[in-house]
Amino acid sequence: MSLTLYHYLSLGAVLFFIGVFGVLTRRNILSILMSVELMFNAANLNLVAFNRYLHPGPLLGQGLVLFTIAVAAAEIVVGLALLLAIYRKRDTVYVENFNLLKG
Amino acid sequence: MKNLLLLTPELLLAVLALGLLVWDMLQKTSSARLTLWLGVAALTLTLLAIVPQLSQKLQGVGSLWVSDPLGNFFKILILLATLWTLLLSMEDRSIPGGQMGLYAATLSLAALGMMLLVSATDLLLVFLSLELVSICSFILSGFNRSDPASSEGAMKYFLIGAFSSAMTLFGISLFYGATGTTLLTAMAPTSNPLLLFSLLFMLVGFGFKVSMVPFHFWVPDAYQGAPTPITAFLSIAPKAATLGLLLRIFTILLPHTALSLTMLFQVLAIATMTVGNLSAIFQTNMKRLLAYSSIAQAGYMLIGFVTSDPLGQEGVLLYAFTYMAMNLGAFAVAMVLAHASLPAEQDPYHLRTYDGLAQRSLGLSLLLTLFLLSLAGIPPTGGFIAKFYVFGAAIRSGFYALAVAGILNSVIAAYYYLRITYRMFFVSPARETPIPVGNYLATTVAFAAALTLAIGLYPSPFVESVKLSMSYLP
């Protein structure tokens, strides 16, 4: 049995929804960040698979993936920096403890 | 090669912003004001670089972006809002003094991201510039690291932001699968289910930036926590920029009428107005109240986007411009009052600081009344003209439900805006000390008031320039 586009797309979709589920249910910010990374990688997998199977030729999809990997890394760095600032003040990484602002 | 020159304003701003960062690093003791003035100079130069391109319509290199009057209108709006934010920051005390270079550079880079966003016609550039705006906004809203509320607001902003940009990227990957390109101009709009699906995923990211209703939860927290000049900035610039992008994608390149998404957008616009206004009624903190009101204002702007005829599109532009003036004014007055409050008061932005403002400073209370009347859409202010334009567009193209919802919402909004006016004029103040107003804040408020009144009393030059701006490629 050979791998087809649908295997890759299914894997991408499963990864994506694991990520969505993680973001919505996890209470630890580090786990949420990891779940977001899963969502980014699901999209990357889709892009590469579409490039290989549906639109071979120009490596547009794979090129896009290089950009998104860099951007996702930059975004997560900002998130970790914010988390560190909070952790130093409040000594917590759980979202339910973030309750200064409400109303 | 010639087309690369079209990018002069963006390149200039990028170089100047990075230069500002390096300049600030090299200084041992830098003056905060001087750094901010350098930022103002950088933005002014960029504004001047746009002027020669104002009316040209040209395709950028590699078809990633276009240079057309529609984009230029939003670029000018974004640069003006950023300039204004820098002026407000001159008197803000919540920004750590030693990091002004970083602050001004991040603000300029956010403006750069928005300038690219409004001229993008390729999803690659859309994604990259959206992320540039997002990352800079996260940093800016958490800039006051010594304040836990600032970090907390920024963290909530970041979590929802990262989630929605992952959604957008997933949408882009599906778009690429459906069409084989990331170019938005390459294809005729069809109701291909995969394409529709991909656009809906992307809409999550755009809706997050516009603060459209199901994605608005970050708005009040991030706005309340952020330093006030940044709150003013976030409530105007990213919103206007993303509306520009939405206009370009969903009314020009892939019209939502052809994709049969009009009904969805109509529901989203009504929900955005209603949720924003109904939540604003119960707020006791001015920044939070203005945050919910900014959600509602985004809803009014979306009306013009839903009708998507020239009148509606012009309405969005006019509304965005008016909204910039009136919202900046309101935030500037809120800043003045917060500075005048005593350190003992726990929440310097509590609505009770507005009690009896008319007895402490009549001028300030009249100006705030002007801004609030304008936000509520009452003549003779700019807000009335903008609302009239947008609602008129909705009625003319037969979206009666939208127009009725908009008018009902304006009535709800008038209640909470005028309640502040009531506090200012008819409640006796806790203290009768006069309120000191710094020069920069006074200038900002004066400009905002002049612009709000000018649009209201003599709208024709503004309407003319908006009409001229509504020309675009392709």
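Figured I'd write up the structure that's included with this text. (Residues numbered from 1 in each chain as written. Chains lettered and ligands numbered in written order. Predicted model: local features only at pLDDT ≥ 70, side-chain atom pairs only at ≥ 80, totals over all residues. Heavy atoms only, no water.)

**What about the overall build of chain A?**
And step 1. A count of helical and extended segments in chain A gives three helices and zero strands.
And step 2. Counted from the first residue to the last, chain A has its helices and strands arranged as α-α-α.
And step 3. Taking 2.2 N^0.38 as the reference for a compact globule, 103 residues should give roughly 13 Å; the C-alpha atoms of chain A span a radius of gyration of 17 Å, well beyond that estimate.
And step 4. Its C-alpha atoms give chain A principal-axis dimensions of roughly 50 × 25 × 25 Å.
And step 5. Counting all 103 residues of chain A, 43% fall into the buried class.
And step 6. Nonlocal contacts in chain A, meaning residues at least 24 apart in sequence, comprise 54% of its contacts between residues at least 6 apart. (Helix = DSSP H or I, 4+ residues; strand = E, 2+ residues; numbered from the N terminus. Rg over C-alpha atoms; globule rule 2.2 N^0.38 Å. Buried < 20%, exposed > 50% of the residue type's maximum accessible area, 1.4 Å probe, protein only. Contact = heavy atoms within 4.5 Å.)

**Considering the overall build of chain B**
And step 1. Looking only at helices and strands, chain B features 18 helices and two strands.
And step 2. For chain B, the C-alpha radius of gyration of 21 Å lies close to 23 Å, the compact-globule estimate for 474 residues.
And step 3. Taking all 474 residues of chain B together, the buried fraction comes to 66%.
And step 4. Once local pairs closer than 6 in sequence are excluded, the contacts in chain B between residues at least 24 apart make up 80%.
And step 5. Of the accessible surface of chain B, which amounts to about 15400 Å², a share of 71% is contributed by carbon and sulfur atoms. (Areas by Shrake-Rupley, 256 points an atom, 1.4 Å probe, with all protein chains shown as cover.)

**What to know about the pattern of salt bridges**
All names here are of chain B.
And step 1. Applying the stated criterion across every chain, the model contains eight salt bridges over all chains.
And step 2. Here Asp-221 ties to Arg-288 by a salt bridge, and the two come within 3.1 Å at their closest N and O atoms. Of this pair, Asp-221 sits in helix H8 (residues 218–225) while Arg-288 is found in helix H11 (residues 286–307), placing the two residues 67 residues apart along the sequence. For the pair Asp-221 and Arg-288, one class covers both residues: buried.
And step 3. A salt bridge links Asp-355 to Arg-423; the nearest nitrogen and oxygen atoms lie 2.8 Å apart. Linking Asp-355 in the loop between helix H12 (310–340) and helix H13 (357–360) with Arg-423 in helix H16 (residues 400–426), this pair joins segments that are 68 residues apart in sequence. (Salt bridge = Lys/Arg side-chain N within 4 Å of Asp/Glu carboxyl O.)

**Description of a nonpolar patch on the surface**
All names here are of chain B.
And step 1. Taken together, the side chains of Leu-45, Leu-48, Val-51 and Leu-54 present a nonpolar region at the surface, about 350 Å² in accessible area.
And step 2. Assignment of secondary structure puts Val-51 in the loop between helix H2 (32–50) and strand E1 (58–59).
And step 3. Taking relative accessible area as the criterion, Val-51 reaches 47% and is therefore assigned partly exposed. (Patch = residues over 30% accessible without salt bridge, like charges linked within 9 Å, V, L, I, M, F, W, Y side chains within 5 Å.)

**Observations concerning the packing of aromatic side chains**
The description of two aromatic rings rests on the distance between their centres and on the angle between their planes.
Residue and element names in this part refer to chain B.
And step 1. Evaluation of the coordinates by the stated rule reveals 25 aromatic pairs over all chains.
And step 2. Ring centres of Tyr-103 and Phe-143 lie 5.3 Å apart, and the angle between their planes is 75°; this geometry places the pair in the edge-to-face category. With Tyr-103 in helix H4 (residues 100–119) and Phe-143 in the loop between helix H5 (123–141) and helix H6 (148–179), this pair connects stretches of sequence that are 40 residues apart. Comparing Tyr-103 with Phe-143 shows no difference in burial state: the two are buried.
And step 3. Linked through ring pairs, Phe-138, Tyr-157, Phe-158, Phe-208, Trp-218 and Tyr-223 together constitute an aromatic cluster. (Phe/Tyr/Trp six-rings, centres within 6.5 Å; stacked < 30°, edge-to-face > 60°.)

**Some points on the environment of Ala-296 of chain B**
Residues and elements named next belong to chain B.
And step 1. Relative to the assigned elements, Ala-296 resides in helix H11.
And step 2. A residue is classified by how much of its surface remains accessible, and Ala-296, at 1% relative accessible area, is buried.
And step 3. Along the chain, Ala-296 and Leu-370 lie 74 residues apart, while their C-alpha atoms are 19 Å from each other.
And step 4. Ignoring anything within four residues of it in the chain, the contact list for Ala-296 reads Thr-272, Met-273, Gly-276, Asn-277 and Tyr-416.

**Some thoughts on the interface of chain A and chain B**
Interfaces are often sized by the amount of accessible area the parts lose when they come together.
And step 1. Between chain A and chain B, the residue contacts involve 44 residues of the former and 45 residues of the latter.
And step 2. When the buried surface of chain A facing chain B is broken down by residue, Glu-75, Leu-82 and Leu-101 of chain A rank first, second and third, together holding 19% of it.
And step 3. The interface formed by chain A and chain B includes one salt bridge.
And step 4. One salt bridge in this structure joins Glu-152 of chain B and Arg-90 of chain A, with 3.2 Å as the shortest N-O distance.
And step 5. Elements with a minimum of two residues in the side of chain A that touches chain B: helix H1 (5–25), helix H2 (29–53) and helix H3 (60–90) of chain A.
And step 6. In terms of residue count, the dominant contributor to the side of chain A that touches chain B is H3 of chain A (17 residues).
And step 7. Across the side of chain A that touches chain B, the residue classes tally to 30 nonpolar, ten polar and four charged. (Buried area = accessible area lost by both parts, 1.4 Å probe. Nonpolar A, V, L, I, M, F, W, Y, C, P; charged D, E, K, R; others polar.)

**Brief notes about the packing of H2 of chain A against H3 of chain A**
Residue and element names in this part refer to chain A.
And step 1. Running from N to C, H2 and H3 cross one another at 175°; their axes reach a closest spacing of 9 Å. Between H2 and H3, the angle falls in the class roughly antiparallel. Contacts from Ile-29, Leu-30, Leu-33, Glu-37, Phe-40, Asn-44, Leu-47, Val-48 and Asn-51 in H2 reach Leu-60, Gly-61, Gln-62, Leu-64, Val-65, Thr-68, Ile-69, Ala-72, Glu-75, Ile-76, Leu-80 and Leu-83 in H3. (Axes fitted to C-alpha atoms, helices over the stretch in contact; angles between N-to-C directions. Parallel < 35°, antiparallel > 145°, perpendicular 65-115°, else oblique.)

**So, unusual backbone geometry**
For residues besides glycine, phi is generally negative; the peptide bonds are generally trans as well.
And step 1. With an omega dihedral of 5°, the bond running from Pro-379 of chain B to Pro-380 of chain B counts as a cis peptide bond.
And step 2. As for its position among the elements, Pro-380 of chain B is in the loop between helix H14 (362–376) and helix H15 (382–396).
And step 3. Its identity is not glycine, yet Asp-91 of chain A carries a phi of approximately 60°, on the positive side.
And step 4. Following the sequence through the fold, Asp-91 of chain A ends up in the segment after H3.

**Details of H11 of chain B**
Residue and element names in this part refer to chain B.
And step 1. With 22 residues, H11 ought to run about 32 Å at 1.5 Å a step, and its terminal C-alpha atoms sit 32 Å apart, in line with that.
And step 2. Of all the 22 residues making up H11, 22 are buried; the element is thus mostly covered by neighbouring parts of the structure.
And step 3. Positive phi appears at Ser-308, one or two residues downstream of H11, with a value of about 55°. (Expected span 1.5 Å × (residues − 1).)

**As for the nonpolar core**
All names here are of chain B.
And step 1. Core analysis: the biggest nonpolar cluster contains 212 residues, and Tyr-103, Met-155, Phe-206, Leu-246, Phe-250, Met-324 and Tyr-354 have the highest contact counts within it.
And step 2. Per element, the largest residue contribution to this core is 21 residues, and it comes from H12.
And step 3. Those residues in contact with Phe-206, other than ones at most four positions away along the chain, are Val-126, Leu-130, Thr-168, Thr-242, Leu-245, Leu-246, Ile-249 and Phe-250. (Core = buried A, V, L, I, M, F, W, Y, C linked by side-chain atoms within 4.5 Å.)

**Thoughts on the packing of H3 of chain A against H6 of chain B**
And step 1. Interaxial distance between H3 of chain A and H6 of chain B falls to 9 Å at its minimum, and their mutual angle equals 165°. Comparing the axis directions of H3 of chain A and H6 of chain B gives the class roughly antiparallel. With respect to the hand of their crossing, H3 of chain A and H6 of chain B are arranged in left-handed fashion.
And step 2. A class-by-class count of the residues in the contact of H3 of chain A with H6 of chain B yields 15 nonpolar, six polar and four charged. (Left-handed = near helix turned anticlockwise from the far one by under 90°.)

**Description of helix H7 (residues 193–210) of chain B**
Residue and element names in this part refer to chain B.
And step 1. Look at H7: 25 Å from first C-alpha to last across 18 residues, which is about the 26 Å you get at 1.5 Å a residue.
And step 2. Burial runs high along H7: 14 of the 18 residues are buried.
And step 3. Two to three positions downstream of the cap, the backbone nitrogen of Leu-194 sits 3.1 Å from a side-chain oxygen, assigning the N-cap of H7 to Asn-192.
And step 4. In the stretch just after H7, Ser-211 is the one whose phi turns positive, near 60°. (Polar contact = N/O pair within 3.5 Å; in protein donor to acceptor, adjacent residues only side chain to side chain.)

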